[in-house]
Amino acid sequence: MQAGIVGLPNVGKSTIFNALTAAGAASANYPFCTIEPNIGVLPVPDARLYRIQKHIPTQKVIPAAVEIVDIAGLVRGASKGEGLGNQFLGNIRNVDAVLHVVRCFENPDVVHVDGPIDPMRDIETIETELCLADLDSLQKQVDRTAKKARGGEKDALARIEIMEAALKLLEQGRPVRLLPIEKPEDVVALKDAGLLTFKPVLYVCNVDEQSAANGNAFSAIVAKHAASEGAECVIISGQVEAEVSELEVDDRMAFLGDLGLTEPGLNRLARSAYKLLGLYTYFTAGEKEIRAWTFRKGAKAPECAGVIHTDFERGFIRAEVYSIEDLETYRSEAALRTAGKLRVEGKEYVVADGDLMHFRFNV
């Protein structure tokens, strides 16, 4: 699962990406600094790992992670191929969710492609280009699907109504993700259509150092817009995060504390991105490591076992499951077994977020 960082040139995408992943992606004060998308792995902080470690001593703790893609900046006319438009749109099409970075800071030394700072103008520029690209793509698909529907093709008959509703929304300049959807098959139809504006969005307000703790007037505008869409908004200072990433661990909290922060903004961004992708976590714990594993909501035990290794899924026998809360009450796996709190679950068990699991398999 990948989340793509998008936005206009010079809003701080690559600065944030570098701090996120320590991947050393290029960043500079000119448009199109990022040409080929950079990919990095973002750890997802989870306090539950350390709650487990209190009762199961281990050599190392490994958090879950998501892949973050730093995509080239977009400009007006991208839907018609301006700038790096075609490449930009193609890269967005390949990710599962969008982290829309919006510039919410003023700095005369960092040029803005459209002049003065205006978050809503920037958001509308991106949305307009994505809507125009989707409009062109979906119109062609609707024409083909309508023809098949008239011929009585069942699949086309099932899809045409939601596709036409999405097309009408795009004609109004509004993203498809705002379309009310009740039927799961309609979600599948829109995903299959490959629409850019159907991807979930997290707005990321890149603010100056002084605004890192509470935001500013610019970020308030973005937050209001996000709320109107039912989306989330995260405040982060790329400048602060870049400085934090260069500090020794012992110095980081002191630096953040001086700014009124209790944790790096990247921690909040990581958790929000994980949630945006619809991801959940189960844990394994033993003498060597405590580890968080990622799965999609609704996954059953064999599928989750396969996240560790395909042999675990292929030869799945059963899963032994318990909760962190019970571990904290009984303080050891041995005590959990004695108290009957370690459950044995079969192939139909739907794994819950936060489950601690041991898989039994035979290949």
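Before reading on, note that the structure itself is shown above.
An account of the accompanying structure is given in this report. (Residues numbered from 1 in each chain as written. Predicted model: local features only at pLDDT ≥ 70, side-chain atom pairs only at ≥ 80, totals over all residues. Heavy atoms only, no water.)

## Section: helix α10 (residues 265–276)
- Here α10 is 12 residues long and its end C-alpha atoms lie 16 Å apart, about the 16 Å a rise of 1.5 Å per residue gives.
- Listing the buried residues of α10 in full gives Gly 265, Leu 266, Leu 269, Ala 270, Ser 272, Ala 273, Tyr 274 and Leu 276.
- Remark: Gly 278 follows α10 within two positions and exhibits a positive phi of approximately 70°. (Helix = DSSP H or I, 4+ residues; strand = E, 2+ residues; numbered from the N terminus. Expected span 1.5 Å × (residues − 1). Buried < 20%, exposed > 50% of the residue type's maximum accessible area, 1.4 Å probe, protein only.)

## Here we look at the sheet that holds strand β2 (residues 38–44)
- In space, the six strands of this open sheet follow the order β2-β4-β1-β5-β6-β7, with mixed pairing throughout. Two strands lie at the open edges of the sheet, namely β2 and β7 (232–236), each paired on one side alone. Geometrically, the sheet is characterised by an average inter-axis angle of 30° between neighbouring strands, direction not taken into account.
- Inspection of the sheet shows strand β5 (residues 97–104) paired to strand β6 (residues 201–207) by seven bridges, in the parallel sense. When the sheet's bridge partners are listed, Val 98 is paired in β6 with Val 201.
- Strand contacts of helix α7 (residues 217–229): β5, β6 and β7, with the helix running at about 175° to β6, the strand carrying the most contacts. (Pairing = 2+ DSSP bridges. Axes fitted to C-alpha atoms, helices over the stretch in contact; angles between N-to-C directions. Contact = heavy atoms within 4.5 Å.)

## Topic: the pattern of salt bridges
- Throughout the structure, instances matching the rule amount to 18 salt bridges.
- A salt bridge links Arg 177 to Glu 127, with the nearest nitrogen and oxygen atoms 2.4 Å apart. With a gap of 50 residues between them, Arg 177 in the loop between α5 (154–171) and α6 (184–192) and Glu 127 in helix α4 (residues 119–150) connect regions that are remote in the sequence.
- Accessibility expressed as a relative area gives 9% for Glu 127, which makes it buried.
- Taking the shortest distance from any N to any O, the salt bridge between Arg 177 and Glu 229 comes out at 3.3 Å. Taken together, the residues Arg 177 in the loop between α5 and α6 and Glu 229 in helix α7 connect sequence positions 52 residues apart.
- Residues joined by salt bridges that share partners form a network here, namely Asp 46, Arg 48 and Asp 353. (Salt bridge = Lys/Arg side-chain N within 4 Å of Asp/Glu carboxyl O.)

## Here's the deal with the environment of Gly 40
- Take Gly 40: it is sitting in strand β2.
- A residue is classified by how much of its surface remains accessible, and Gly 40, at 6% relative accessible area, is buried.
- Separated by 19 residues in sequence, Gly 40 and Thr 21 have C-alpha atoms that sit 5.4 Å apart.

## A few points about the nonpolar core
- Judged by nonpolar contacts, the single largest core of 64 residues is most densely connected at Ile 52, Ile 68, Leu 99 and Leu 269.
- Apart from residues no more than four positions distant in its own chain, Ile 68 is found in contact with Ala 3, Ile 5, Phe 17, Leu 20, Asn 38, Ile 39, Gly 40, Leu 42 and Leu 99.
- Counting 20 residues, the second largest nonpolar core, distinct from the first, contains Val 176, Leu 179, Leu 195 and Phe 198. (Core = buried A, V, L, I, M, F, W, Y, C linked by side-chain atoms within 4.5 Å.)

## Considerations on the packing of aromatic side chains
- In this structure the tally under the stated criterion is five aromatic pairs.
- On the numbers, 6.0 Å between centres and 45° between planes, the contact of Tyr 282 with Phe 295 is tilted. Separated by 13 residues along the polypeptide, Tyr 282 in strand β8 (residues 279–285) and Phe 295 in strand β9 (residues 289–296) bring together distant segments of the chain. Phe 295 matches Tyr 282 in its accessibility class, with the two residues each being buried.
- The ring of Trp 293 carries the charged tip of Arg 291 above its face, separated from the ring centre by 4.3 Å. (Phe/Tyr/Trp six-rings, centres within 6.5 Å; stacked < 30°, edge-to-face > 60°. Lys NZ or Arg CZ within 6 Å of the ring centre and 35° of its normal.)

## Quick notes on unusual backbone geometry
- Not every positive phi belongs to a glycine, and Asn 10 is a case in point at roughly 65°.
- Checked against the element boundaries, Asn 10 lands in the loop between β1 (2–6) and α1 (13–21).
- Taking relative accessible area as the criterion, Asn 10 reaches 11% and is therefore assigned buried.
- At Arg 331, a position not held by glycine, the phi torsion is positive, near 75°.

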